[in-house]
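Working through the structure, step by step
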Amino acid sequence: MWWGGVVAVLALATPQSQVTLEGRVVRVAGRDTVAVAGVPVILHRVTPAKQGPIDSIRTGSDGRFRFRLVRDSGAIYLTSARWAGIEYFAAPVTFQAAVPDTVSLVVADTSSSAPITIAARHIVVSAPASDGTRAVLELLVIENAGELTRVAGRGTSWSLHLPPDAAGVTLGEMDFAADAVEVHRDTVLITAALPPGQRELTLQYQLPAGLRAWTIPVEDSIGAMNVLLEESSARVTGPLVPADSQVVEGRRYFRWQGNAPRGARVLVTFAESGTPSWLLPLLVASLGLGLLATFVVAQRRRPAAAPPRFTPAAQLPPDVEGLLRRIAELDRVHAGGPAHHLPEVWHAYLRERAELKRQLEEHLPL
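Computed from a predicted model, the values in this text were never measured in an experiment.

**Concerning the sheet that holds strand β25 (residues 265–269)**
An order of β19-β25-β21 is seen for the three strands of this open sheet, with the pairing classed as antiparallel. One side of each edge strand has no neighbouring strand; the edge strands of this open sheet are β19 (213–217) and β21 (235–237). Direction aside, neighbouring strands of the sheet carry axes that sit 20° apart on average.

**A few points about the pattern of salt bridges**
Within this structure, the stated rule accounts for nine salt bridges. Ionic pairing is found between arginine 64 and aspartate 62, a salt bridge with its closest N-O pair at 3.6 Å. Given a relative accessible area of 34%, aspartate 62 falls into the partly exposed group. A salt bridge links glutamate 230 to arginine 251, with the shortest nitrogen-to-oxygen separation between them at 2.7 Å. One end of the pair, glutamate 230, is in the loop between β20 (222–229) and β21; the other, arginine 251, is in strand β24 (residues 251–260), and 21 residues separate them in sequence. Judged by its relative accessible area of 19%, glutamate 230 falls in the buried class.

**Observations concerning the nonpolar core**
Ranked by size, the top nonpolar core spans 39 residues in total, and within it Leu201, Trp214 and Met225 carry the most contacts. For tryptophan 214, the contacting residues outside a window of four places in its chain are Ile123, Val125, Val136, Pro163, Pro164, Asp165, Tyr205, Leu207, Val266, Leu267, Val268 and Phe270.

**Notes on the sheet that holds strand β17 (residues 187–190)**
Read from one edge of the open sheet, three strands run β14-β17-β16, paired in antiparallel fashion. Bordering the open sheet on either side are β14 (158–161) and β16 (181–184), each of which pairs with just one other strand. For this sheet the average axis-to-axis angle between neighbouring strands, irrespective of direction, equals 20°. Of the strand pairs in this sheet, β14 and β17 are connected by four bridges, and their pairing is antiparallel. In the strand pairing of β17, histidine 161 is matched with threonine 187.

Calculation rules
Residues numbered from 1 in each chain as written. Predicted model: local features only at pLDDT ≥ 70, side-chain atom pairs only at ≥ 80, totals over all residues. Heavy atoms only, no water. Pairing = 2+ DSSP bridges. Helix = DSSP H or I, 4+ residues; strand = E, 2+ residues; numbered from the N terminus. Axes fitted to C-alpha atoms, helices over the stretch in contact; angles between N-to-C directions. Salt bridge = Lys/Arg side-chain N within 4 Å of Asp/Glu carboxyl O. Buried < 20%, exposed > 50% of the residue type's maximum accessible area, 1.4 Å probe, protein only. Core = buried A, V, L, I, M, F, W, Y, C linked by side-chain atoms within 4.5 Å. Contact = heavy atoms within 4.5 Å.

In structure tokens:
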């Protein structure tokens, strides 16, 4: 089933709630269209309780057709035409508009070699979950920019290799019937025909815990590619460049965008999760040396009879250790300096770090 266009509609209400639905079937021919005569057109009614065909008619010599029916206010109506073995569906009609638009139901000849491209690819990567895995959502916009419908060759009309490490792949919302798309190991297979125009396909999967680098192969050129990362410390190298951040359902994502030519290598790198076990002792030792230097300076400025109160690094209270951990995590996430972060992110980091240092000083009396 394919949405080959929107059926030409003229709905005229009568006191008996009778309406007329009419339109024209045309075929793509170069940059123009030609009428298709003698093609069966089927009228379908869809309600919450049932759905199915309710009438059929053949197009005239000018490709036109007309249905008369009693309108069901709780139903939508579809028209379809079969051409070269492919069923093309028009957009739904509800007869709610006072003057519906008049357009055409478009069909096309077929080919097993009609070129298919990825007009857009959007990849959203969430921060690690409690088990370390990352959730990934992909939206693909598949385009047939030609005039021929791509049909299956050797059982498949189009396929896409998934990025390495993708696990638990599931299909989300899409412009395909459920049985027309399947995932086989590391490949997405589409068996249905692909008429001229664009179709959307959504994928969801997981990246394993502990992953530090993730490569997204580009088998064919991509007109517009976006990678959105929830982790500000993650980086993308390749043909994509940093762009503005996006807020999705209350969560901020850092966006990388660009055109991806065929054969390009898009590499996503993730920072170490959590504070490294060796970092905190170094920070504590560094803090201890800093306190010692402060103590020496203070000794030169105050009477010898006033011994300082000094808390050794090994005996720091829990709240101080917590502040140290937060500072260490901030520094890890924002490693690389301002050149690797959006300005607003970097300034927010500096403000938060300054506030943590202020709190730290309050907890470390001399």
